[in-house]
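Understanding the architecture of this molecule
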Amino acid sequence: MEKVRDIVREGKRVAKEDPRRVVHSFKVGLVLSLVSSFYYYQPLYDSFGVNAMWAVMTVVVVFEFSVGATLGKGLNRVGATLFAGALGIGAHHLASLSGPTGEPILLAVFVFIQAALSTFVRFFPRVKARYDYSLLIFILTFALISVSGFREEQVLVLTHKRISTVIMGGLSCVLISIFVCPVWAGQDLHSLLASNVEKLSFFLLDFGDKYCETVKDGDTKEVDKRKNDFDNYKSVLNSKSNEESLANFAKWEPGHGQFRFRHPWKQYLSIGGLIRQCAYRIDTLNSYLNADIQVSINIRKKLEEPLRRMSLESGKALKEMSVSLTKMIKPSSSDLHVHNAQSACKSLTSLLHSGILKDVEPQELISILTATSLLIDIINLTEKILESLHELASAARFKDEIEPPIFAKKPNSRSIVCGWATKGQDDHVVTIVKDDCYNDNKSEKDNRSNQVLIHEKHEDCLHEKHEDDDAHVHSSCDSCGHTSLRVIVECR
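Calculation rules
In every chain, residue numbers begin from 1 and rise along the written sequence. Predicted model: local features are reported for residues with pLDDT of at least 70 only, side-chain atom pairs are reported and counted for 80 or more only, and whole-chain, interface and lining totals are derived from all residues. Side-chain numbers come from the whole structure's heavy atoms, not from hydrogens or water. Secondary structure counts use DSSP, requiring at least four H or I residues in a row for a helix and at least two E residues in a row for a strand, with both numbered from the N terminus. Partly exposed describes any residue whose relative accessible area lies between the buried limit of under 20% and the exposed limit of over 50%, with all areas from a 1.4 Å probe on protein chains only and scaled to the type maximum. Contacts are assigned to residue pairs that have any heavy atoms within 4.5 Å of one another. Areas reported as accessible are Shrake-Rupley estimates using a 1.4 Å probe. Residue values count occlusion only from the protein chains shown. To qualify as a nonpolar core, a set must consist of buried Ala, Val, Leu, Ile, Met, Phe, Trp, Tyr and Cys residues joined through side-chain atoms within 4.5 Å. In this analysis an axis means a line fitted to C-alpha atoms, helices contributing only their contacting stretch, and an angle means the value between N-to-C directions, from 0 to 180 degrees. We call two directions roughly parallel when the angle between them is under 35 degrees, roughly antiparallel when it is over 145, roughly perpendicular when it lies between 65 and 115, and oblique otherwise. By convention the crossing between two helices is left-handed if the near helix lies anticlockwise of the far one by an angle smaller than a right angle, and right-handed if it lies clockwise. By convention, a stacked pair of Phe, Tyr or Trp rings (six-membered ring in the case of Trp) has centres within 6.5 Å and planes under 30 degrees apart, an edge-to-face pair has planes over 60 apart, and any other such pair is tilted. Only Lys NZ and Arg CZ are tested; either one counts as a charge over a ring when it is within 6 Å of the ring centre and within 35 degrees of the ring normal. UniProt positions are given in the numbering used here, feature names are shortened, and annotations may be inferred rather than shown by experiment. Helix span is expected to be 1.5 Å times the residue number reduced by one. Salt bridge, as used here, is a side-chain nitrogen of Lys or Arg placed within 4 Å of a carboxyl oxygen of Asp or Glu. Here a polar contact is taken to be a pair of N or O atoms separated by no more than 3.5 Å, where protein atoms must pair a possible hydrogen donor with a possible acceptor and residues adjacent in sequence count only if both atoms sit in side chains. In the scheme used here, Gly and all other residues not listed as nonpolar or charged are polar, with Ala, Val, Leu, Ile, Met, Phe, Trp, Tyr, Cys and Pro taken as nonpolar and Asp, Glu, Lys and Arg as charged.

Another point: the overall build of the protein. Secondary structure assignment for the protein yields 16 helices and nine strands. Buried residues in the protein amount to 42% of all 492 residues. Excluding contacts between residues fewer than 6 apart, the proportion of contacts in the protein whose partners are at least 24 apart in sequence is 69%. Taken as a whole, the protein presents about 27,000 Å² of accessible surface, with 57% of it coming from carbon and sulfur.

In structure tokens, the structure reads:
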């Protein structure tokens, strides 16, 4: 009874992880029920006979979780069956010309040559990646038709029935997979990359605090236990095989949603490789949080400000990249965060060159320099990820992130102010492009476009509000997670 409960709990867990698995199970049952009618329904059985079981076998081996995997397997199986069937008929015809004695010998030779060559070709990396299954079916179908045709007089009828049932089974799988709650491998790959980038950003956003957050224990300093999301990056380390299989399946899929037919899936693999490289550096950097030899608190305090900025800005850049991937928009603010991280890196380099670590113990010096080097390497990889993401955005035609115009009604009049928020290096600028409060009595100088400058201190997420007699401006910053910007203008 306890085992039954464990099975039920495990089933609930698997279904909760991905509810699409439950839907897929029902889809497989539906297709098998449909193709089984070839065997149960007498008119269909009279047409295909026992060969109707090939349709059932095709469904069992072809129907996969995603549309791309199902379509790839289905096309490979149908193509290989057609080619092997035609080749098997030709081989049977040539063997029959040699008479009863030579026919079995020639058939055995043909099967040997075909199986040996096909098996050798399966070792080719490019062939193995996309056509390994089709070669396997090619070997099987050719051998079955050649061997069974030796005892069967009507080889063409046998081949026709088997090919027809295979096509019907494969077509049923493809149609159900596409039109009934489809699962797109391309969408899964896209979401996987966005999730992986976000996991790296979680670590970097918290690393500065974790590295500098210590508790006193004599002369040794220890870092507090990390939160669960702090270690989520570890799942990125082993994501290569999953990414490659999803990219391979995605190539078979038709255009759907925002993914065109010839979507640049190779670029996803390039970005995924850079993300893993970054994750390896992060994993090494994480080991320094719990190392036996810890850097003293005084040394950390001297380098705290640039180290915090480096990890925070690179984490913000990765977070923005994750958002842009999820929404399929061009990454705009990530460039600013990468630039800020590089500026902090230069500040740290200048600080190190000033001799601030002159009196540090050698073991502590090695530890702090190694951690700093890894963090600099992570920033460089973040820049490379951003460059690859820009290439993907251009090739995949991501949308531009257009700032919506800002409207503000003046309370003492019927006029409206309209403007756009634009970003500078360190500021946000609101350009007033229309103000009905200015009438013809105003001078031309007063009628010109007005700019309100809103300064922002990114490190502490502090915002300044400029006020004068004519306008009150309130701002919120995109880089701090707030996406709205309001302008309230008051006429007097």
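What follows is about the nonpolar core. In terms of nonpolar packing, the biggest core is built from 61 residues, with L200 and Y211 touching the most fellow members. Mapped onto this core, the elements with two or more residues apiece are helix 10 (185-212), helix 11 (240-250), helix 12 (265-287), helix 13 (297-327), helix 14 (334-353) and helix 15 (362-395). Excluding residues within four positions of it along the chain, Y211 makes contact with L289, V295, R300, L307, I368 and A371. Formed by 19 residues, the second largest nonpolar core is a distinct cluster that contains F63, A91, Y133 and I137.

The interhelical angle for the contact between helix 14 and helix 15, taken along N-to-C directions, is 155°, at an axis separation of 11 Å. Here helix 15 runs roughly antiparallel to helix 14, going by the angle between their axes. You can see that helix 14 and helix 15 cross each other, and the crossing is left-handed. Here helix 14 contributes S334, D335, V338, A341, Q342, C345, L348 and L352 to the contact with helix 15, which in turn contributes L369, T372, I376, I379, T382, E383, L386 and H390.

Applying the stated criterion across every chain, the model contains eight aromatic pairs. On the numbers, 5.6 Å between centres and 80° between planes, the contact of F120 with F124 is edge-to-face. Taken together, the aromatic side chains of F83, F138 and F142 make up a single cluster linked through ring pairs. Between R130 and the ring centre of W252, over which it is positioned, the NZ or CZ distance is 4.6 Å.

This part is about the UniProt feature "transmembrane region" (unreviewed entry) in the protein. Per the UniProt record, "transmembrane region" (unreviewed entry) is found at residues 21-40, 52-71, 105-124, 131-151 and 163-185. Along residues 163-185, the helical share is 78% and the strand share 0%, with 28 Å between the first and last C-alpha atoms.

Moving on, we come to helix 14. Taking 1.5 Å per residue, 20 residues should reach 28 Å; helix 14 reaches 29 Å between its end C-alpha atoms and fits that length. What helix 14 keeps buried is the set S334, L336, H337, V338, N340, A341, A344, C345 and L348. In the core, the buried residues of helix 14 are packed alongside helix 13 and helix 15. Just beyond helix 14, the residue with positive phi is G355, at close to 85°.

The subject of this paragraph is the pattern of salt bridges. Between side chains of opposite charge, pairing is possible as soon as their charged atoms come close. With the rule as written, the count across this model stands at 14 salt bridges. Salt-bridge contacts for R122 lead to D132; the nearest nitrogen and oxygen are separated by 2.8 Å. Note that R122 is positioned in the loop between helix 7 (99-121) and helix 8 (125-151) and D132 in helix 8, a separation of ten residues in sequence. Linking R276 and E243 is a salt bridge whose minimum nitrogen-to-oxygen distance equals 2.6 Å.

Quick look at the side chain of H263 now. For H263, the position within the fold is in the loop between helix 11 and helix 12. Among the polar contacts made by the side chain of H263, one reaches the side chain of Y268 at a distance of 3.1 Å. Residues in contact with H263, not counting those within four places in the same chain, are Q258, Y268, M328 and A396.

With a phi close to 55°, M328 is a non-glycine residue in the positive phi region. Residue position: M328 is located in the loop between helix 13 and helix 14. Positive phi values are uncommon outside glycine, yet R397 reaches one of about 60°. In this fold, R397 is placed in the loop between helix 15 and strand 3 (406-409). The exposure class assigned to R397 is exposed, which follows from its relative accessible area of 62%.

Here the focus is the packing of helix 12 against helix 15. At a minimum axis distance of 9 Å, the contact between helix 12 and helix 15 shows a crossing angle of 165°. The angle between the axes of helix 12 and helix 15 places the two elements in the roughly antiparallel class. You can see that helix 12 and helix 15 cross each other, and the crossing is left-handed. When helix 12 is examined against helix 15, the residues Q267, Y268, S270, I271, L274, I275, Q277, C278, R281, I282, T284 and L285 are found in contact with a partner set consisting of A371, L374, L375, D377, I378, L381, K384, I385, S388, L389, E391 and L392. For the contact of helix 12 with helix 15, the per-class residue count stands at 15 nonpolar, five polar and four charged.

Secondary-structure assignment places N196 in helix 10. A distance of 3.4 Å separates polar atoms of two side chains, one belonging to N196 and the other to E243. Other than its neighbours up to four places away in sequence, N196 contacts V236, S239, E243 and I275.

Quick look at the environment of T81 now. As for its position among the elements, T81 is in helix 6 (residues 67-96). Setting aside anything within four residues of it in sequence, one finds T81 in contact with I137, T141, I163 and V166.

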